[in-house]
Amino acid sequence: MSAGLFALSINPESFQGDFQEIIFWGTSYAQHFSGKFSGFASFDGKRIISDSKSGLFAPNFEERISEFIGPEAIGYCGPAEEPFYVGKSDVGSFSACFGGNIRNCDELIRDFLHAKHNFERTDDIVAMSKLIIQGADIIDGIRRMSEKIDGAYTLLLLTPEGIYAVRSPDGHWPLVIGCSKEQDAVIVASECVGFDNLGFKRVRDIEPGEIVLLKDGHWFKKSALPKTQVQECSFFGAYTSSRAAIVHGIPATLIRRGLGAASAKRDIADDFTPHVVMGVPASGLSSAEGYKETFDAEINRQISSGNITLKWVPFYRQDLIKHIMVRSYLAPTQEERERRAYYKIVITSETIKHILQWLEEEGLTVILGDIKSKRRIILVVCDDSIVRGSQMKSNLAPKTRIIYEMEVDGVDIKVEIHLRISFPPLRSYCPHGKTTKRGETLVEQHPDEEDRIRALGVDGLKYNSVDDLVGIIGKPREQLCIDCCFRRE
């Protein structure tokens with residue numbers, strides 16, 4: 001997904017909360033989707049005020065939030081200048097923002113140009129808006145738009161009649177409804193992160209193809225687009241969403257811990273036990289927890305059965321710290337992606353000397369003895385996925401070696417870095433979003449796994465399978481999009 005969306009509608013007669021506070025923080029929770037542009041639009045009962053700026057939402061709008069008055073408003077964090085405002089049309093005025101990708105946008109724009117339409121810009125939201133205003137009303141316009149476009153999307157339309165929230169019929173990207181405890185306000189967001197902080201309770205996901213209207217603090221199902229095959233994004237829960245989100249009806253942390261557990265079960269079956277396990281922040285942390293928990297459970301099971309085969313249980317470390325909240329893989333160029341990947345992760349001040357001292361103090365002599373006798377420390381690094389490999393190549397592998405490789409008491413310690421990747425190999429770009437292009441993924445660039453290991457600068461690499469992923473999410477395989485796991489010609 002390439003954008004985070006947020007919408008708020010209040011009952012002006014009974015609402016006692018802080019309208020600006022909710023819309024500001026609700027949109028801020030969506031910032032992790034993209035930092036390129038941010039935008040805001042509100043309807044005060046008389047007119048729509050709409051604005052978009054380059055850069056992060058909070059710095060752009062914190063000092064201006066009082067300008068945006070309810071009862072309705074939408075917020076946006078994404079790759080384009082949105083919300084996009086349409087001042088006059090046959091269906092009235094509106095401000096629109098969306099997340100996803102319209103694959104036939106260029107074709108639609110060409111058709112409009114041939115029909116003598118004028119454009120100041122030619123991106124997806126403009127094409128979608130042009131299609132909507134051809135309808136008899138907003139809902140008819142949404143239907144016409146859905147018939148013409150080829151793509152996956154979520155859409156918010158702020159109008160004088162309320163806020164229309166739409167999820168494409170394939171259900172690829174999510175939208176979530178939340179209601180206030182007092183039943184005097186309603187929100188819709190790309191994920192349910194922060195709902196409790198805002199004073200809202202998650203109600204349910206908007207269904208694939210559903211058109212919902214938010215008006216005066218309530219929500220109403222207005223219509224539904226023609227059904228198609230549901231294809232929810234399997235990558236969203238494994239990586240894109242916040243750790244605090246609920247995806248496919250279950251917490252994202254459970255999906256990620258389950259994927260980490262699947263990696264651990266495979267290593268246990270292969271008689272591979274590392275000394276240390278750590279996670280790549282932030283989305284790899286739950287995977288590392290699941291990996292570690294599975295080894296703990298296995299040793300307890302073996303102790304109970306009296307048949308102990310594990311020599312030790314790996315201990316958990318968190319030596320990599322995400323210090324700057326930015327997604328490196330969203331940057332438009334490889335040079336910028338590598339620069340972001342390098343700077344966003346810092347390492348702790350501890351070194352292998354401190355780690356070995358801690359092992360000795362804790363009495364973990366079996367692990368300590370093996371490290372010193374073998375002159376190596378086996379480290380498993382759990383991560384959610386490898387897209388292009390920029391972060392691992394330019395940042396994580398070299399920095400991890402700084403922590404774990406040095407001479408200690410006359411013993412030269414080396415580290416073996418073994419990656420355990422939650423998501424199956426990404427063999428293709430995603431046609432449903434705007435984050436990768438054809439030929440960019442690490443697997444496309446390095447089809448041979450041994451070559452891939454060398455390119456990443458590590459010693460071992462294992463992925464979960466598609467069957468692992470589908471089983472942990474718990475939905476029928478045909479209802480999940482796993483296009484990125486297969487080569488696209």
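Residues numbered from 1 in each chain as written. Predicted model: local features only at pLDDT ≥ 70, side-chain atom pairs only at ≥ 80, totals over all residues. Heavy atoms only, no water.

## So, the sheet that holds strand 11 (residues 200–205)
Within a sheet, adjacent strands bond to each other through the backbone by hydrogen bonds, running parallel or antiparallel.
Here is step 1 of the chain: If you trace the seven strands from one edge of the open sheet to the other, you get 3-2-4-1-10-9-11, paired in antiparallel fashion. Looking along the sheet, the strands with just one partner apiece sit at the ends: strand 3 (48–54) and strand 11. The average undirected angle you get between the axes of adjacent strands in this sheet is 15°.
Here is step 2 of the chain: Examined bridge by bridge, strand 1 (residues 4–10) and strand 10 (residues 185–189) share five bridges and lie antiparallel to one another. Residue pairing for strand 10: Leu8 is matched across the bridge by Ile187. (Pairing = 2+ DSSP bridges. Helix = DSSP H or I, 4+ residues; strand = E, 2+ residues; numbered from the N terminus. Axes fitted to C-alpha atoms, helices over the stretch in contact; angles between N-to-C directions.)

## Examining a negative patch on the surface
Here is step 1 of the chain: A surface patch of like charges, here negative, comprises Glu360, Glu361, Glu362, Glu407, Asp409 and Asp412.
Here is step 2 of the chain: Within the element layout of this structure, Glu360 appears in helix 11 (residues 352–361).
Here is step 3 of the chain: In this structure Glu360 comes out as exposed when scored by relative accessible area, which is 53%. (Patch = residues over 30% accessible without salt bridge, like charges linked within 9 Å, V, L, I, M, F, W, Y side chains within 5 Å. Areas by Shrake-Rupley, 256 points an atom, 1.4 Å probe, with all protein chains shown as cover. Salt bridge = Lys/Arg side-chain N within 4 Å of Asp/Glu carboxyl O. Lys, Arg positive; Asp, Glu negative; His and termini not counted. Charge placed at Lys NZ, Arg CZ, Asp CG, Glu CD. Buried < 20%, exposed > 50% of the residue type's maximum accessible area, 1.4 Å probe, protein only.)

## Describing the state of the cysteines
Here is step 1 of the chain: For the structure shown, the criterion picks out zero disulfides.
Here is step 2 of the chain: This cysteine, Cys97, is not joined by any disulfide, and Cys77 carries the nearest cysteine sulfur, 9.7 Å off.
Here is step 3 of the chain: The cysteine Cys485 is free of any disulfide, with Cys484 supplying the nearest cysteine sulfur at 4.4 Å.
Here is step 4 of the chain: Among the residues examined, Cys485 registers a relative accessible area of 4% and is labelled buried. (Disulfide = S-S within 2.5 Å.)

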